[in-house]
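Examining the three-dimensional arrangement
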Amino acid sequence: MTRATEGQQDASGRKQTSITHRTTPGAIDVEEVLHASLALSSETDLDKLMASMLALAMSSSGAAKAVLLLRQDEEWVVQARADTTTGAHDVMLSQRFDPADGGADEVPATVFRHCATSRDVLLVGDARRDQRFAADTMIQSRNIKSVLCIPATSQGPLEAMVYLEDRQKADAFTQEHAEVLTHLARQFAVSAQQALLFEDLESKVRDLQRRHDRYELAVAGTDAGLWDWDIVGNALYTSDRLQELLGFAPDEISITMAWFWDQLHPDDQQATRHALDAHLEHGAPFDLEYRLGTKSGEYRWFHARGQAQWDETGRAIRMSGSITDIDGRKRAEKNLQRSEERFRSLMEQSPLAMEILSPEGQITETNSAWMHLWGLTDETEKTRVLAAYNMLTDPQMAELGIAPLVQRAFAGEFVILPPVEYSAPRAAEEMGFDGVGLRTPWVQSHLYPVKDESGDVVYVVNKYMDITELKHAEREAREQRDALARVERATRMGQLTGAIAHELSQPLTGILSNAQAAEVMLESEGWDRDELAKAMSEIAADCKRAGEVIRSLRELYREHKGDFSPVDVNTVVADTTQLLRSDLVEKKIELTTDCAASLPKVNGNRVQIQQVLMNLIMNAVQAMDELPQGNRLVRVATGLDGNAVAVWVEDTGPGIDAQKIDRIFEPLATWKPGGTGMGLALSNSIVEAHGGSLWAENTPDGGARVGLVIPALD
């Protein structure tokens with residue numbers, strides 16, 4: 001796996017992310033993928049998010065190089081990269097990427113344009129020989145072989161791209177790598193947009209707070225523009241500060257009531273006249289906001305306050321007040337409103353079910369994915385559930401054993417809950433609802449609290465991931481493995497019956513012949529004691545031989561505990577060919593062996609290795625059923641392959657279909673008429689358990705060569 005360590009800085013003081021690369025053999029763990037996806041979805045710091053995605057891309061694929069591209073302000077930039085050959089591992093690069101100038105020496109231009117146009121995952125076994133990319137100078141000059149490029153969106157335009165390469169070997173990446181990284185890349189794109197949105201939202205909030213503080217300071221310091229209106233004489237006095245607020249120098253303009261009404265924004269005319277009349281006639285407070293045209297011709301927002309004076313008859317004779325420039329605050333509020341709308345839109349578009357809970361445990365807001373997750377069909381059902389449900393008092397939380405974790409989240413800790421199967425129908429029944437909550441999905445969620453400046457929890461965000469399909473897939477996989485094992489055991493029993501018949505025929509024939517001879521001697525009067533003893537000795541030897549056959553076959557086909565010990569592969573070859581020799585002779589098969597001398601031993605289970613070798617030999621025999629008897633040749637050979645011991649079987653049959661040769665080790669894949677497609681799949685599982693691998697190829701002269709390699713003991 002790849003691990004990212006924060007806290008290191010380069011010479012410029014920028015925080016770097018250290019990447020340690022380690023390749024772990026075997027299949028990708030679904031639970032690890034889920035944890036990785038949840039970790040990405042919960043990260044709101046863009047720096048840490050990119051470091052995490054870079055580490056996950058390297059660890060889950062074993063790539064030698066990884067590059068993260070983000071689109072910002074309609075331009076593509078290289079934001080993170082890691083290369084095990086150079087030791088480079090950087091995030092927050094903000095390096096402009098233009099495929100027209102060679103891809104900024106990071107990603108082949110042809111690969112980028114292909115993914116940007118098709119928006120499909122690109123998996124290439126050898127880019128040097130792929131006609132779509134072979135002409136790319138970067139691919140040829142750098143000898144780039146394996147390529148995996150994943151474009152990612154967040155329910156909209158293309159937002160990110162993950163590029164992986166390997167220069168050492170072709171077909172380094174598999175479809176499994178592509179599927180896992182596609183899932184992670186999609187989550188990365190959503191989280192990246194959220195991170196950018198959170199940064200923008202926080203910036204707007206800080207800006208709004210600063211403007212609000214300045215506004216309060218200005219009012220306290222009488223920075224407002226003052227005005228005094230002589231209602232009887234219809235004369236208006238304005239202070240220098242008021243004229244400055246409108247963009248004029250002191251005494252540059254004579255502001256009258258007619259000028260005021262002319263400069264007042266048309267949309268604010270009616271409300272302002274109504275507020276003024278209500279104040280003058282009834283004494284209602286005159287406190288409102290409106291827009292006035294300034295010297296530059298633009299409208300600015302002002303906050304106006306005023307107080308009238310009345311004579312003894314109740315007639316308004318004078319009115320004084322102030323205006324304060326609030327244009328900055330109004331613009332910030334508008335921007336904040338747009339940011340909130342973007343956040344709500346992003347939440348609504350999120351593929352994850354999301355809910356926002358109050359500190360008391362009540363659900364205050366959800367998205368559409370949340371309704372789909374729990375099987376709610378309309379807003380009425382949703383409103384009833386939101387009013388009645390409380391996460392802190394939900395009895396299922398206690399029964400599932402996660403109530404303490406939920407309480408920790410509401411106390412201020414970020415918490416990832418374990419996968420649970422939650423019954424929405426039961427919850428609806430407990431709340432007194434009928435027909436609400438029709439699903440019982442497997443979910444994994446994370447809870448993270450949002451706090452105010454004083455550290456108090458304002459609300460808790462809960463994100464659900466629906467893993468029902470994954471859980472069902474795991475169950476189906478277990479059932480399929482069990483079914484394959486049952487069929488394989490039945491197949492092995494059939495093979496055992498045939499092998500017993502072949503191997504016991506000779507010793508039984510010998511026993512019968514010697515017994516008949518002994519019977520003849522005993523019936524004759526002049527039988528020879530020594531001849532009879534010899535016949536009985538041969539009967540005993542044949543019985544012993546039959547017992548050895550039964551023991552050997554039983555040892556081969558019975559269930560094993562899988563104990564490992566040092567194994568001599570050449571001895572396994574000798575025992576296996578000896579066991580099959582009579583069957584091969586009957587089928588007119590010429591068998592030869594070519595075992596390398598002084599081979600090191602391997603750590604394994606001798607019987608399991610013998611089972612794999614027997615399967616390879618019998619496959620070779622079956623492949624030559626249609627050949628003339630003189631052309632049926634099988635060769636078993638051993639040798640060293642680096643630090644591993646190799647065993648392979650060659651035949652002179654028609655070979656393996658080129659379109660199927662890459663899939664013959666998959667379950668249910670077969671190239672033989674009537675084959676079950678399980679023998680090689682189970683053999684492959686056995687060899688992988690020994691830390692090795694199976695391989696297959698067609699020989700130039702016809703026929704196939706199938707073998708295995710297992711690491712040698714030191």
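Heads up: these notes are all about the structure in this document. (Residues numbered from 1 in each chain as written. Predicted model: local features only at pLDDT ≥ 70, side-chain atom pairs only at ≥ 80, totals over all residues. Heavy atoms only, no water.)

1. Overview of the overall build of the chain
- The number of helices and strands found in the chain is 19 helices and 26 strands.
- Within the chain, the proportion of its 714 residues that are buried is 46%.
- If you take every contact in the chain between residues at least 6 apart in sequence, the share linking residues at least 24 apart comes to 59%. (Helix = DSSP H or I, 4+ residues; strand = E, 2+ residues; numbered from the N terminus. Buried < 20%, exposed > 50% of the residue type's maximum accessible area, 1.4 Å probe, protein only. Contact = heavy atoms within 4.5 Å.)

2. Here's the deal with the packing of aromatic side chains
- Using the criterion set out here, one finds 7 aromatic pairs in the structure.
- Arranged with centres 5.2 Å apart and planes meeting at 75°, the rings of Phe260 and Trp261 form a pair that is edge-to-face.
- Using a relative accessible area of 16% as the deciding quantity, one classes Trp261 as buried.
- Following the ring pairs from residue to residue traces out a cluster consisting of Trp76, Phe97 and Phe112.
- Over the ring of Trp301 we find Lys330, and its NZ or CZ is 4.4 Å from the ring centre.
- The ring of Trp442 carries Lys471 above its face, with NZ or CZ at 4.8 Å from the centroid. (Phe/Tyr/Trp six-rings, centres within 6.5 Å; stacked < 30°, edge-to-face > 60°. Lys NZ or Arg CZ within 6 Å of the ring centre and 35° of its normal.)

3. Describing the pairing of strand β3 (residues 65–72)
- Of all the 8 residues making up β3, 6 are buried; the element is thus mostly covered by neighbouring parts of the structure.
- Strand direction decides the pairing type here: β3 and strand β4 (residues 75–83), joined by 8 bridges, are antiparallel. Paired with Leu69 across the two strands is Val78, which belongs to β4.
- The hairpin formed by β3 and β4 contains 2 residues between the paired strands, and Asp73 there has a positive phi angle of roughly 55°. (Pairing = 2+ DSSP bridges.)

4. Focus on the sheet that holds strand β12 (residues 299–310)
- Read across the open sheet, the 5 strands follow the order β10-β9-β13-β12-β11; overall the sheet is antiparallel. Edge positions in the open sheet fall to β10 (235–238) and β11 (286–293), since each of these has one partner strand only. Neighbour to neighbour, the strand axes of the sheet diverge by 25° on average, direction disregarded.
- Bridge count for strand β9 (residues 225–230) against strand β13 (residues 316–325) is 6 bridges, and the pairing is antiparallel. The residue bridging Gly225 from the neighbouring strand is Ile323, located in β13.
- Its contacts with the sheet place helix α8 (residues 269–282) against β9, β11, β12 and β13, and it is angled at close to 145° to β11. (Axes fitted to C-alpha atoms, helices over the stretch in contact; angles between N-to-C directions.)

5. A few points about the environment of Asp625
- Among the secondary structure elements, Asp625 is positioned in the loop between α18 (606–623) and β23 (633–641).
- The class for Asp625 is partly exposed, based on a relative accessible area of 47%.
- As for Asp625 and Lys587, which are separated by 38 residues in sequence, their C-alpha atoms are 8.8 Å apart.

6. What about α18?
- Taking 1.5 Å of rise per residue, the 18 residues of α18 would be expected to cover 26 Å, and the 26 Å separating its terminal C-alpha atoms lies within 8% of that figure.
- Counted residue by residue, α18 has 15 buried out of 18 residues, so it is predominantly covered.
- You can read the cap of α18 off the contacts: a side-chain oxygen lies 3.2 Å from the backbone nitrogen of Val607, and it is on Asn605. (Expected span 1.5 Å × (residues − 1). Polar contact = N/O pair within 3.5 Å; in protein donor to acceptor, adjacent residues only side chain to side chain.)

7. Things to note about the sheet that holds strand β5 (residues 88–97)
- Across the sheet, which stays open at both edges, the 6 strands sit in the order β5-β4-β3-β8-β7-β6 with antiparallel pairing between neighbours. At either margin of the open sheet sits one strand with a lone partner, and together these are β5 and β6 (122–124). Neighbour-to-neighbour, the strand axes of this sheet turn through a mean angle of 15°, independent of strand direction.
- Both β4 and β5 contribute to a ladder of 7 bridges, which runs antiparallel.

8. Thoughts on the environment of Ala51
- As for its position among the elements, Ala51 is in helix α2 (residues 46–61).
- As for Ala51 and Ala82, which are separated by 31 residues in sequence, their C-alpha atoms are 9.8 Å apart.

On their own, these measurements won't tell you what the molecule is for.
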